[in-house]
Amino acid sequence: MGAAMRRIHVGNALSAFGLGFTVPYLYVYVAQVRGLGSMTAGLVLAVFAVAALIVLPFAGRAIVRRGPLPVLLIALVTAALGALSLGLSASAATVLLSAAALGAGQAVMQPALATMIVDCSTTETRSRAFAMQFFLQNLGLGVGGLIGGHLVDTTSASSFTLLFAIEAAMFLVLVAVMATVRAPRAPHVEAVPGRAAGGSWKQLLGNRAMVQLCVLGFVLFFACYGQFESGLSAYGVEAAGITTSALGTALAANTLMIVIAQFAVLKFVERRKRSRVIAAVGLIWAVAWAVAGYAGLGHGSQTMATAAFISTYALFGLGEAMLSPTLAPLVADLAPTGLAGQYNSAFALVKQLALAIGPAVGGPLGASLHAPYIVAFLLFSLGITVLAVRLGRQLTDVQNQPSLTRSRVVTQGRATADAVAAAEA
């Protein structure tokens, strides 16, 4: 890693650390500590999603025109102001406005940081760079949540003010760190369809591979991330009789699996076609949903049900570790030169849409219709495999398997050396 990439990874860790302080306790803070009720707390969570959906279409163009760094700095300052204001807010109006600022800032950070990683990496190193980003994000969220849980006191609003102040401080520290980054422009994969076209949304929608990747991404985030804290947890409590402590253990198992498996699976992923890796993730998640079905619909003991439910989250973590060095680099390699920011923003928009719809659909379904819930999301997981195979047909060989670039360079180098040796002989 160069100096710029190290700073970017430090930035990812700091932002995740700050978010970990507040995200798990946001509902309790608004509904109970500030006494604004569950309705306002639900609206705050909805505002996060709505703010992201509003700003992301404009973020892509801004990143393309101005570069990712200025956009990132503005997003960080906006998020810092939103976090600090949220910690001081006592009325529903100010809480909602603060949440909108924090949500908008957080949403724009994702494609801006992803574009900076693209600019500071090559096709060969991109998968490893995004794997490191995902690893540090999960580590930061876990450590932040752990420390925040020891600092928070539901009887004291000032303890929550401290948490939000720490989050704001992390964003401002990140401003200072990222302001020193000097990111070069990295080359993109050759022979990308639509390279000569203008940088408009029409061009992006004309890229069949990118459109298929966005559809696949929506299903991925809807069937996994959109269920973690809504449908799957509701199903676990209602159908499997999972306690809140066991649910926390399951979430910890998910994070632990990512931390342990991330770099163990990286070499495996780098040597395989990306479409086949994503297809394998669909099969792994189908097994995870089947195990969840046993936890809630089987007739085993409560201990077996709890173990199965925890295993479900661990299997999801394994799939996530395989996706992190696959999805984001593929988005970058599909983007024409200079348009990585717009493509990253489009994919982030798809992700936010899935995360907004997923809980709304999965929550009620998981809480009441247990068997249909498991069957539906098991089929969604198998659909991931089908969509991944279809996507592979739209990708060039290098887009689908970047390691071919290295092997071709080695082969050409050997061929040249052999030719020189023959000529000298």
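Residues numbered from 1 in each chain as written. Predicted model: local features only at pLDDT ≥ 70, side-chain atom pairs only at ≥ 80, totals over all residues. Heavy atoms only, no water.

### Things to note about the overall build of the protein
Okay, step 1: Within the protein one finds 18 helices and 0 strands.
Okay, step 2: As displayed, the protein has an accessible area near 17800 Å², and 68% of this comes from carbon and sulfur atoms. (Helix = DSSP H or I, 4+ residues; strand = E, 2+ residues; numbered from the N terminus. Areas by Shrake-Rupley, 256 points an atom, 1.4 Å probe, with all protein chains shown as cover.)

### Points about the packing of helix α5 (residues 92-119) against helix α6 (residues 126-151)
Okay, step 1: Direction vectors running N to C along α5 and α6 enclose 145°, while the axes themselves pass 10 Å from each other. Pair α5 / α6 crosses with right-handed handedness. Contact residues: α5 offers A114, I117 and V118, while α6 offers R126, A129, F130 and Q133.
Okay, step 2: A per-class count over the contact of α5 with α6 returns 5 nonpolar, 1 polar and 1 charged. (Axes fitted to C-alpha atoms, helices over the stretch in contact; angles between N-to-C directions. Left-handed = near helix turned anticlockwise from the far one by under 90°. Contact = heavy atoms within 4.5 Å. Nonpolar A, V, L, I, M, F, W, Y, C, P; charged D, E, K, R; others polar.)

### Some remarks on the packing of aromatic side chains
In this description, a pair of aromatic rings is defined by centroid distance and the angle of the planes.
Okay, step 1: For the structure on display, the rule yields 16 aromatic pairs.
Okay, step 2: A ring pair is formed by F377 and F380, whose centres lie 5.4 Å apart and whose planes are at 45°; its orientation type is tilted. Of this pair, F377 and F380 both sit in helix α16 (residues 370-392), separated by 3 residues, roughly a single helical turn.
Okay, step 3: Feature note: the residues F218, F222, Y235, W285, W289, F316, Y373, F377 and F380 constitute an aromatic cluster, connected by ring pairs. (Phe/Tyr/Trp six-rings, centres within 6.5 Å; stacked < 30°, edge-to-face > 60°.)

### Quick look at the packing of α5 against helix α7 (residues 157-178)
Okay, step 1: Following both chains from N to C, one finds α5 and α7 inclined at 30°, their axes separated by 14 Å at the closest point. Classified by the angle their axes make, α5 and α7 are roughly parallel. You can see that α5 and α7 cross each other, and the crossing is left-handed. Residues L102, Q106, M109, L113 and M116 of α5 pack against E167, F171 and M178 of α7.
Okay, step 2: Its residues placed into classes, the contact of α5 with α7 shows 6 nonpolar, 1 polar and 1 charged. (Parallel < 35°, antiparallel > 145°, perpendicular 65-115°, else oblique.)

### Notes on the environment of R393
Okay, step 1: The residue R393 is located in the loop between α16 and α17 (397-400) in this model.
Okay, step 2: The exposure class of R393 is exposed, given its relative accessible area of 66%. (Buried < 20%, exposed > 50% of the residue type's maximum accessible area, 1.4 Å probe, protein only.)

### Focus on helix α3 (residues 37-66)
Since one α-helical turn is 3.6 residues long, residues separated by three or four positions face the same way.
Okay, step 1: Over its 30 residues, α3 runs 41 Å from end to end, which matches the ideal 44 Å to within 8%, given 1.5 Å per residue.
Okay, step 2: Residue L56 marks the point of greatest curvature in α3, where the axis turns by about 35°; the proline P57 follows within four residues.
Okay, step 3: Listing the buried residues of α3 in full gives T40, A41, V44, F48, A49, A51, A52, L56, A59, G60 and I63.
Okay, step 4: At its buried positions, α3 is contacted by α2 (26-33), α4 (68-88), α5 and α15 (340-368). (Expected span 1.5 Å × (residues − 1). Bend = angle between axes of the 7 residues up to and from the residue.)

### Description of the side chain of S89
Okay, step 1: Here S89 lies in the loop between α4 and α5.
Okay, step 2: For S89, the side chain forms a polar contact with the main-chain oxygen of S85, separated by 2.6 Å.
Okay, step 3: Within the local environment of S89, its side chain forms a polar contact with the side chain of S98, the two groups lying 3.3 Å apart.
Okay, step 4: Setting aside its immediate chain neighbours within four residues, S89 contacts Y29, R34, T94, V95 and S98. (Polar contact = N/O pair within 3.5 Å; in protein donor to acceptor, adjacent residues only side chain to side chain.)

### Quick look at the pattern of salt bridges
Side chains carrying opposite charge are able to pair once their charged atoms draw close together.
Okay, step 1: Using the criterion set out here, one finds 3 salt bridges in the structure.
Okay, step 2: Note that R126 and D333 form a salt bridge whose closest N and O atoms lie 2.5 Å from each other. Remark: D333 occurs in helix α14 (residues 327-334) and R126 occurs in helix α6; sequence separation between them is 207 residues.
Okay, step 3: By relative accessible area, which is 0% here, R126 ends up buried.
Okay, step 4: Between E270 and R128 there is a salt bridge, with the nearest N and O atoms lying 3.2 Å from each other. Placement of the pair is E270 in helix α11 (residues 244-270) and R128 in helix α6, with a sequence separation of 142 residues. (Salt bridge = Lys/Arg side-chain N within 4 Å of Asp/Glu carboxyl O.)

### What about the nonpolar core?
Okay, step 1: By size, the foremost hydrophobic cluster in this structure holds 113 residues, and its most contacted members are M178, M210, L213, L232, W285 and F309.
Okay, step 2: Among the elements that take part in this core, α5 stands out by supplying 11 residues, more than any other.
Okay, step 3: Setting aside its immediate chain neighbours within four residues, M210 contacts L204, V331, L334, Y343 and F347. (Core = buried A, V, L, I, M, F, W, Y, C linked by side-chain atoms within 4.5 Å.)

### Some points on the confidence of the model for the protein
Okay, step 1: When the pLDDT values of the protein are averaged, the result is 81; 90% of them are 70 or greater.
Okay, step 2: Mean pLDDT in the protein bottoms out at helix α18 (residues 403-424), which sits at 48, and peaks at α16, which reaches 93.
Okay, step 3: A low-confidence stretch, residues 186-199 stays under pLDDT 50, and its non-local contacts, those more than four residues away or across chains, total 39 contacts. (pLDDT = per-residue confidence, 0-100.)

### Looking at a nonpolar patch on the surface
Okay, step 1: The grouping of L139, V143, L146, I147, L151 and L162 at the surface amounts to a nonpolar patch, some 480 Å² of accessible area in total.
Okay, step 2: Considering each element in turn, the nonpolar patch owes the most residues, 5 residues, to α6. (Patch = residues over 30% accessible without salt bridge, like charges linked within 9 Å, V, L, I, M, F, W, Y side chains within 5 Å.)

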